[in-house]
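# Residue-level structure breakdown
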Amino acid sequence: MDRALVAELRSIVGDRGLVADRARLFPYEADGLAMLHTRPELVLLPRDTAQTARCMQVLHRAGVPVVYRGAGTGLSGGATPVAGGVLVATARMRDLLEIDAANRFARVQAGVVNVDLTRACANRELFYAPDPSSQQACTIGGNVGENSGGPHCLKHGATARHVLGLVIVTHDGEVLDLSEPRVDPAGYDLVGLFVGSEGMFGIATEVTVRLLPVPEVTETLLAIFPDLDGACDSVSEIIAARHEPSALEILDQLTIEAVEDSIFAAGYPRDARAVLLVDVEGSAPEVAATMGAILEIVNRRGALETRYARSDEERRRLWAGRKGAFGAMGRVAPDLYVSDVVVPRTRLREMVRYSTEVAAELGLKIATVFHAGDGNLHPNICYDRRDGDEVRRVLEAGRRIMTRCVEVGGALTGEHGVGLEKLEGMERLFGEDDLRAMCRTRDAWDPERRLNPGKLIPTHACLETRQALAARPVAAAERRP
Amino acid sequence: MIAALERIAGTLETCRPRAGAPELPLAVPESVEQAAELLRLAAVDGLTVIPVGRGSKLGWCGPPAHADFMLGTRRLAEIVAHEPDDGTITARAGIGMDALREAARAGGHFLTPDVPRPADATLGGVLAAGQSGLDRLRFGPVRHHVLGMTVLLGDGTTARSGGRLVKNVTGFDLHRLYCGSRGSLCVIVEASLRLFPEPERELLLTTAAADTEAAARLAAEALALPARTVSLIAERDAAGWRLTARLFGKREAVAAEREPFLRAWPAAEIAADAAAREAAERTRDTALESAGGVLEIGCRPTEVWQALAAVDEAFAAPRVRLQPGIALLEISLGAADAGIAPTCERLRAKLATACTGGASVRLVDGPLHVFEPPVPAAAALMERLQRSLDPRGVFARGRLGGGL
């Protein structure tokens, strides 16, 4: 990268805010989708909105592609750097700016870690609802980029329902301050549109989020099943019976074994083929009634045993096992391909069975742990990236599972985003005109297409985009066919 | 133009884009294909279009800079997919909110938003207006429950976003952009919504308050309860203050919420189940009848009573409805308040002092269009979005405010 450009950027963010040497760039080469990696030219770690805006002005003048990164826990390659580009990371934007308990909102810098926000609110009897499994590491800004979910989004909704305002630095370094919560947006809902835009509309530097009161009572149930079918059917029936638990999560036997062998050991029975973890929140009578109805369903669907968490500590342990499941898989194989698809909740059993069959046919080891209540499946394939043939089979399995999901009325991703991983699938789900509308929307935010180029929208699917690419200079990643 | 429109959509009707504005031809296509053909005609012939459902919210928009014809969606009214066991429903935009609500109810579900006079409103109109219901305290704004949309852009192409799933992050959520865009970007032709369980029990509690201070205290006490209150309304008219709280849900939940509410509101009258629903729907449908429009003021919840004080300093508001939990004040204006625009400016100045977090002011259904201007950088971006999605300017400009 041009030395004068680097010097100018260094003058803005200081030595601590710039990473340029090869060894220190290594951790930034990939996000959670480790099989895709590219070394960025430079990593910038601005301290605040003002520094970010000045950096973006410089990068705009220089025409350099920019990729936004939170903690890099994303699993779809959304934060994979672009060759010749700069990574803007939020690791130094970690201030909790305001907690307004009376109005139930918080303003934070984008690099604040998800779980730190809830910890900071705990003494006010409030919490931040979206709770991705990676919440110990992932950032609020990253959650905004991906519209992240989590187990308790079944009741409370994903990130988009909790973001009240944003400060956005645009492609050319302008600051768009939409941080004040409003009953309804003035004009178009830019905040709602921005959430889930995977870093292609701008850089969120501050986020205003809604806080919820801690529920009066939370009850946790663990139901142990002799097979996955019974667990899946229980979930479909709970939803069809109009019950509203706050979380419904399923883990299969391979996942249970991995968790129990790890530091996340939760006390799940090792011989269970599947467990269903249920949380119900509300007033004591409501929780008792809902739990009673759920208990009756899981027993009828063949649960071998059911256990209630008898204390907060036991509840915490059960959930730590669920949230640590992905990490625990490291004991099964060196690498894990975390698939993320979503289907109507009436099709759970069918899709879980199909995933298992595909893995068996391709000789792969699959561990299933998922947000069953939302229909959000995570068939996780264990593999070794050093084995080229196995990588090929893993990608083939992912493609087949994704295709079947679309065929049964599902979608490509429930919470991890499209990124690079699911680019190809976008044309399976959307038509050319659908993608063109997305291209046009993106062009209004970033006419040069320098922000996270090559992600989410398959550019060759869009005739208008092809013509535009021929007519003007664009980021390197998008010139490729 | 008339002949060309009639060739596509049959006999034309007429419609005014706002009360008092000249009538325009109204084409009411029977299919999405016909609607697309009308838009293609508009794009080729340089015509300007205003989409409309049943027309109940045309007064929410300003006068168009120019318009040649209106495109009505009310014949696109079928339910496309209803999956009660998955809690989702997909329907064409012209379906009445009453019919959609009944379909949801038949499947054991409650449909949010609970909008006033649902028989006068279409799904597409509600979404285009970004109209949330009085159930917003419990369920949040309407935009949170739209799972996906199909729209027609100005060149007649069909564009989908989202889907029919309760959880889905595939592609940009363009339906969030279309929601509240008031026909300035597209014609909404189909949408999918998330449904909620039909309540087993329902209660409506009503209590009077001697003065504003008492009303504020009663509202604060109700909001402090650990209840999932559906709506909390404080209304003020010539007879004084009246507060209404709606509770519904599972039998056990409502029973548990009832006693603490009665301790907070000891003088409350209670209606239950069918009577509660009828009373709540009456309040919903009649509370804001006005001859001169409704002034809507939004602010932080803790500052809603200061905002009311600012209103009272600015002018004599005849009827006021507050939703303290979501910090929304609605002021019904009489016919004599036609010259409200200068008052709005005075009010903005007073609110800027009274509310540390700022406040928004807009007038709907009034003789003038008073809108909340976006921050300047956002306004420029909104114009780019409009130009990008509707480069030929097929959809009438100026109706959303600020040139949009």
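Along chain A, the regular secondary structure elements total 18 helices and 20 strands. For 481 residues, the compact-globule formula gives about 23 Å, and the C-alpha radius of gyration of chain A, at 22 Å, lands near that figure. The C-alpha extent of chain A, read off along each of the three principal axes, is 70 × 55 × 45 Å. Taken over 481 residues, chain A has a buried fraction of 64%. Put simply, 71% of the contacts in chain A that link residues at least 6 apart link residues at least 24 apart. With the model as given, the accessible surface of chain A reaches about 16,500 Å², and the carbon-plus-sulfur share is 49%.

The next thing to look at is the nonpolar core. One recurring pattern in soluble globular proteins: nonpolar side chains tend to sit buried together. Ranked by size, the top nonpolar core spans 107 residues in total, and within it Leu 44 and Trp 445 of chain A together with Tyr 178 of chain B carry the most contacts. The residues touching Trp 445 of chain A, leaving out its near neighbours within four places in the chain, are Ile 168, His 171, Leu 176, Leu 190, Leu 193, Phe 194 and Phe 201 of chain A together with Leu 381 and Leu 385 of chain B. The next biggest cluster of nonpolar side chains, apart from the first, holds 49 residues, and it includes Trp 241, Leu 295, Val 304 and Trp 305 of chain B.

For the rest of this paragraph, the subject is the packing of aromatic side chains. We describe a pair of aromatic rings using the distance from one ring centre to the other and the angle between the two ring planes. With the rule as written, the count across this model stands at nine aromatic pairs over all chains. With a centroid separation of 4.5 Å and 45° between ring planes, the pair formed by Phe 201 of chain A and Phe 172 of chain B is classed as tilted. With one member in each of two chains, Phe 201 of chain A in the loop between helix H7 (190-194) and strand S10 (203-210) and Phe 172 of chain B in the loop between strand S9 (158-162) and helix H6 (174-178) form a pair that bridges those chains. Accessibility expressed as a relative area gives 1% for Phe 172 of chain B, which makes it buried. An aromatic cluster is present here, built from Phe 194, Phe 201 and Trp 445 of chain A together with Phe 172 of chain B joined pairwise through their rings. The ring of Tyr 354 of chain A has Arg 404 of chain A sitting right over it, with the charged end atom 4.1 Å from the ring centre.

With that settled, the discussion passes to the state of the cysteines. As enumerated under the stated definition, the model contains zero disulfides over all chains in all. The thiol of Cys 232 of chain A is unpaired, and the distance to the nearest cysteine sulfur, on Cys 405 of chain A, comes to 12 Å. Cys 344 of chain B forms no disulfide, and the closest cysteine sulfur to it belongs to Cys 355 of chain B, at a distance of 15 Å. With a relative accessible area of 1%, Cys 344 of chain B lands in the buried category.

Moving on, we get to the sheet that holds strand S18 (residues 328-332) of chain B. In a beta sheet, neighbouring strands pair by backbone hydrogen bonds and run either parallel or antiparallel. Residues and elements named next belong to chain B. Taken in spatial order, the eight strands line up as S15-S12-S14-S13-S17-S18-S16-S19 in an open sheet, and their pairing is antiparallel. This sheet does not close on itself; its edge strands, each paired only once, are strand S15 (269-272) and strand S19 (360-364). Here the strands of the sheet are splayed against their neighbours by 20° on average, with no regard to which way each runs. In the sheet, strand S13 (residues 231-237) pairs with strand S17 (residues 319-323) via three bridges, with the strands oriented antiparallel. Of the residues in S17, the one forming a bridge with Arg 236 is Val 320.

Once that is clear, we can look at helix H7 (residues 212-223) of chain B. Residues and elements named next belong to chain B. Helix length check: H7, at 12 residues, gives a terminal C-alpha distance of 16 Å against a target of 16 Å (1.5 Å per residue), a fit within 8%. Of the positions making up H7, those classed as buried are Ala 214, Ala 215, Ala 216, Leu 218, Ala 219 and Ala 222. Looking at where H7 begins, the residue whose side-chain oxygen comes 3.3 Å from the main-chain nitrogen of Glu 213 is Asp 211.

Attention now goes to the pairing of strand S12 (residues 201-209) of chain B. Residue and element names in this part refer to chain B. In terms of burial, S12 is largely enclosed, as seven of its nine residues are buried. Two elements, S12 and strand S14 (residues 240-249), share nine bridges in a ladder whose sense is antiparallel. Across the sheet, Arg 201 pairs through a bridge with Gly 249, a residue of S14. Relative to S15, S12 runs antiparallel, the two sharing four bridges. Across the sheet, the residue bridging to Leu 203 is Ala 272, located in S15.

Residues and elements named next belong to chain B. With five bridges connecting them, strand S8 (residues 146-152) and S9 associate as antiparallel partners. Within S9, the residue paired with Gly 148 across the bridge is Gly 162. Hairpin connection between S8 and S9: a loop of five residues separates the two successive antiparallel strands, and Gly 156 in this loop has a positive phi of roughly 85°.

So, about the side chain of Glu 146 of chain A. With respect to the helices and strands, the residue Glu 146 of chain A is situated in helix H5 (residues 140-146). The contact partners of Glu 146 of chain A, leaving out residues within four places of it in the chain, are Ser 76, Gly 78, Gly 196, Glu 198, Glu 415, His 416 and Gly 417 of chain A together with Val 169 of chain B.

Let us look at helix H12 (residues 376-389) of chain B. Counted at 1.5 Å a residue, the expected span for H12 of chain B with its 14 residues is 20 Å, and the 20 Å between its end C-alpha atoms agrees. Taken together, the buried positions of H12 of chain B are occupied by Ala 377, Ala 378, Leu 381, Met 382, Leu 385, Gln 386, Ser 388 and Leu 389 of chain B. Where the residues of H12 of chain B are buried, they touch strand S9 (175-178), H7 and helix H16 (432-445) of chain A together with H6 of chain B.

Let's shift gears to the domain arrangement of chain B. Residue and element names in this part refer to chain B. Per the domain assignment, the segments making up chain B are domain 1 (1-195 + 372-404), domain 2 (201-285) and domain 3 (294-370). Centre-to-centre, using C-alpha coordinates, domain 2 lies 23 Å away from domain 3. At the interface, 14 residues of domain 2 touch 12 residues of domain 3. Carbon and sulfur atoms make up 59% of the area that domain 2 and domain 3 hide from each other, which totals about 990 Å². The interface formed by domain 2 and domain 3 contains one salt bridge.

Taken residue by residue, the interface counts 75 residues in chain B and 81 residues in chain A. When chain B packs against chain A, close to 6,300 Å² is buried across both sides, 56% of that on carbon and sulfur atoms. Among the residues of chain B in contact with chain A, Lys 167, Val 169 and Phe 172 of chain B are the three that bury the most area, contributing 14% of the side total. For Arg 143 of chain B, the salt bridge goes to Asp 184 of chain A, with nearest N and O atoms at 3.2 Å. Put simply, chain B and chain A have 24 residue pairs in polar contact (both at pLDDT 80 or more) between them. Sorting the residues of the side of chain B that touches chain A by element identifies S9, H6, strand S11 (196-197), helix H8 (251-264), S19 and H12 of chain B as the ones contributing at least two each. Counting residues per element, the side of chain B that touches chain A draws most heavily on H12 of chain B, which supplies nine residues. For the side of chain B that touches chain A, a count of residues per class yields 35 nonpolar, 23 polar and 17 charged.

Before going further, it helps to examine the confidence of the model for chain A. The share of residues in chain A with pLDDT of 70 or more is 95%, and the mean pLDDT across the chain is 93. Low confidence marks residues 468-477 of chain A, where pLDDT is under 50. Its contacts with residues over four positions away, or in another chain, come to 20 contacts.

The next thing to look at is the sheet that holds strand S6 (residues 88-92) of chain B. All names here are of chain B. One open sheet accounts for five strands, arranged S5-S6-S10-S8-S9; its pairing is antiparallel. Of all the strands in the sheet, the pair left with one neighbour each is strand S5 (79-83) and S9. When strand polarity is set aside, the average angle formed by the axes of neighbouring strands in this sheet is 10°. Against the sheet, helix H2 (residues 32-45) contacts S6, S8 and strand S10 (187-194), and its axis sits at roughly 55° relative to S8.

The next subject is the pattern of salt bridges. Residue and element names in this part refer to chain A. Using the criterion set out here, one finds 74 salt bridges over all chains in the structure. Residue Arg 386 pairs with Asp 384 through a salt bridge whose shortest N-O separation is 2.8 Å. Judged by its relative accessible area of 18%, Asp 384 falls in the buried class. For the salt bridge of Arg 428 with Glu 424, the shortest nitrogen-to-oxygen distance reads 2.8 Å. One end of the pair is Arg 428 and the other is Glu 424, both in helix H15 (residues 423-429) and four residues apart, which spans about a single turn.

Right, let's get into the confidence of the model for chain B. Per-residue pLDDT for chain B has a mean of 94; in total, 99% of the residues score no lower than 70. Our summary of model confidence lists the complex with pTM equal to 0.96 and ipTM equal to 0.97.

Residues and elements named next belong to chain B. The amide bond that connects Thr 112 to the next residue, Pro 113, takes the cis arrangement and shows omega of 10°. Positive phi values are uncommon outside glycine, yet Arg 117 reaches one of about 45°. One can find Arg 117 in the loop between strand S7 (109-110) and helix H4 (123-129).

Definitions and limits used
- Here, residues in each chain are numbered from 1, in the same order as that chain's written sequence.
- Chains and ligands are labelled by the order in which they are written, letters from A for the one and numbers from 1 for the other.
- With the structure being a predicted model, the display of local features is reserved for residues of pLDDT at least 70 and the display and counting of side-chain atom pairs for 80 or more, all residues being used for whole-chain, interface and lining totals.
- Side-chain metrics in this entry use all non-hydrogen atoms of the structure; hydrogen atoms and water are not considered.
- Counting from the N terminus, the helices are the DSSP runs of H or I reaching at least four residues and the strands are the DSSP runs of E reaching at least two.
- Note that the radius of gyration is over C-alpha atoms, with the globule rule given as 2.2 Å times the number of residues to the power 0.38.
- Think of it in three bands: residues with accessible area under 20% of the maximum for their type are buried, residues over 50% are exposed, and the middle band is partly exposed, with areas taken using a 1.4 Å probe on protein chains only.
- We call two residues in contact when some of their heavy atoms are within 4.5 Å.
- Exposure was quantified through the Shrake-Rupley algorithm and a 1.4 Å probe, taking into account, for residues, occlusion by the shown protein chains and nothing else.
- By nonpolar core we mean a set of buried residues, namely Ala, Val, Leu, Ile, Met, Phe, Trp, Tyr and Cys, connected to one another through side-chain atoms within 4.5 Å.
- The criterion for an aromatic pair is that two Phe, Tyr or Trp rings (for Trp, the six-membered ring) have centres within 6.5 Å, with stacked assigned to planes under 30 degrees apart, edge-to-face to planes over 60 apart and tilted to the rest.
- Definition used: whenever NZ (Lys) or CZ (Arg) falls within 6 Å of the ring centre and also within 35 degrees of the ring normal, the charge is taken to sit over that ring.
- Whenever a pair of cysteine sulfur atoms sits within 2.5 Å, that pair is classed as a disulfide.
- Whether two strands pair depends on DSSP finding at least two bridges between them.
- The convention used is that axes are lines fitted to C-alpha atoms, helices contributing only their stretch in contact, and that angles between N-to-C directions extend from 0 to 180 degrees.
- Expected helix span is given by 1.5 Å per residue-to-residue step, counting one fewer step than there are residues.
- Here a polar contact means two N or O atoms within 3.5 Å. Within protein one must be a hydrogen donor candidate and the other an acceptor candidate, and residues neighboring in sequence count only if both atoms are side-chain atoms.
- How far each domain reaches was decided by an automatic or database domain assignment.
- Two parts placed together each lose some accessible area under a 1.4 Å probe, and the buried area is that loss summed for both.
- One speaks of a salt bridge when a side-chain nitrogen belonging to Lys or Arg is within 4 Å of a carboxyl oxygen belonging to Asp or Glu.
- Under the convention adopted here, Pro, Cys and the residues Ala, Val, Leu, Ile, Met, Phe, Trp and Tyr are nonpolar, Asp, Glu, Lys and Arg are charged, and Gly plus all remaining residues are polar.
- Looking at any residue, its pLDDT shows the predictor's confidence there, from 0 to 100.

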